[in-house]
Amino acid sequence: MMDKQLFEQLAESLEQMGEITRGERTPSREFHVDALKVKDIRAATGLSQARFAQVIDVQIGTLRNWEQGRRSPTGPAKALLKAIHNDPEHVLKALSA
């Protein structure tokens with residue numbers, strides 16, 4: 001079961017993300033996700049491409065395109081990758097629940 005405080009922090013972060021994407025709030029910092037960063041984020045989790053794609057609910061081909069620099073994650077996918085980068089243990093645990 002997820003810790004209540006962790007859930008509240010995650011919910012607040014998602015609310016702030018929505019405000020940023022709607023232009024109601026300016027981001028406190030920019031997070032650029034390039035191909036190497038996506039691969040590094042996944043590698044840090046210890047998950048295979050297939051398992052990581054399943055956990056974050058994207059097609060494996062999409063993940064491969066991100067890792068090979070043919071496409072870039074945007075919107076919610078970019079935010080989710082940032083969250084995983086910042087706190088892989090808790091975010092992956094929350095996604096698996």
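Quick note: structure is the one above.
Attention in this report is confined to the structure presented alongside it. Computed from a prediction, not measured in an experiment: that's the story for all the values here.

**Focus: the nonpolar core**
Soluble globular proteins tend to bury their nonpolar side chains together.
Step number 1: Membership of the largest hydrophobic core is limited to twelve residues, which are Val38, Ile41, Phe52, Ala53, Val55, Ile56, Leu63, Trp66, Leu81, Ile84, Val91 and Leu92.
Step number 2: Of all the elements in the fold, those that place two or more residues in this core are α2 (35-45), α3 (49-56), α4 (60-67), α5 (75-86) and α6 (88-96).
Step number 3: Top contributing element to this core by residue count: α3, with four residues.
Step number 4: The contacts of Ile84, once residues within four sequence positions are left out, are Ile41, Thr45, Phe52, Ile56, Val91, Leu92 and Leu95.

**A short note on helix α1 (residues 4-21)**
Step number 1: Compared with an ideal rise of 1.5 Å per residue, which puts 18 residues at 26 Å, α1 spans 26 Å between its outermost C-alpha atoms and is within 8% of the ideal.
Step number 2: The N-terminus of α1 is capped by Asp3, whose side-chain oxygen sits 2.8 Å from the backbone nitrogen of Gln5.

**Some details on the pattern of salt bridges**
Step number 1: A complete count under the given rule lists three salt bridges for this structure.
Step number 2: A salt bridge links Glu19 to Arg25; its shortest N-O distance comes to 2.8 Å.
Step number 3: Judged by relative accessible area, which is 36%, Arg25 ranks as partly exposed.
Step number 4: Of the charged contacts, one joins Glu24 and Arg22 as a salt bridge, the two residues approaching to 3.0 Å between their closest N and O atoms.
Step number 5: For Glu24, a relative accessible area of 55% translates into the label exposed.

**Here we look at the side chain of Thr45**
Step number 1: Tracing the chain through its elements places Thr45 in helix α2.
Step number 2: Its relative accessible area of 18% is what places Thr45 among the buried residues.

**So, unusual backbone geometry**
Step number 1: Of note in the backbone geometry, Asp57 takes a positive phi value of approximately 60° without being a glycine.
Step number 2: With respect to the secondary-structure elements, Asp57 resides in the loop between α3 and α4.

The rules behind these values
One numbering rule holds for all chains: residues counted from 1, following each sequence as written. Only residues with pLDDT of at least 70 are given local features in this predicted model, and only at 80 or more are side-chain atom pairs given and counted; all residues enter the totals for whole chains, interfaces and linings. Only hydrogens and water are set aside when side-chain values are computed; all heavy atoms of the structure are taken into account. By nonpolar core is meant a set of buried Ala, Val, Leu, Ile, Met, Phe, Trp, Tyr and Cys residues that side-chain atoms within 4.5 Å join together. The rule is simple: take the accessible area with a 1.4 Å probe, protein chains only, and divide by the maximum for that residue type; under 20% is buried, over 50% is exposed, in between is partly exposed. The secondary structure listing takes helices from DSSP runs of H or I that are at least 4 residues long and strands from runs of E that are at least 2 residues long, numbered from the N terminus. By definition, residues are in contact when any of their heavy atoms lie within 4.5 Å. Every helix has an expected span of 1.5 Å times one less than the residues it contains. We call two N or O atoms a polar contact when they sit within 3.5 Å, provided that within protein one can donate a hydrogen and the other can accept it, with sequence-adjacent residues counted only if both atoms are side-chain atoms. For salt bridges, the criterion is a side-chain nitrogen of Lys or Arg within 4 Å of an Asp or Glu carboxyl oxygen.

From the geometry alone we can't say anything about function, so treat these as descriptive.
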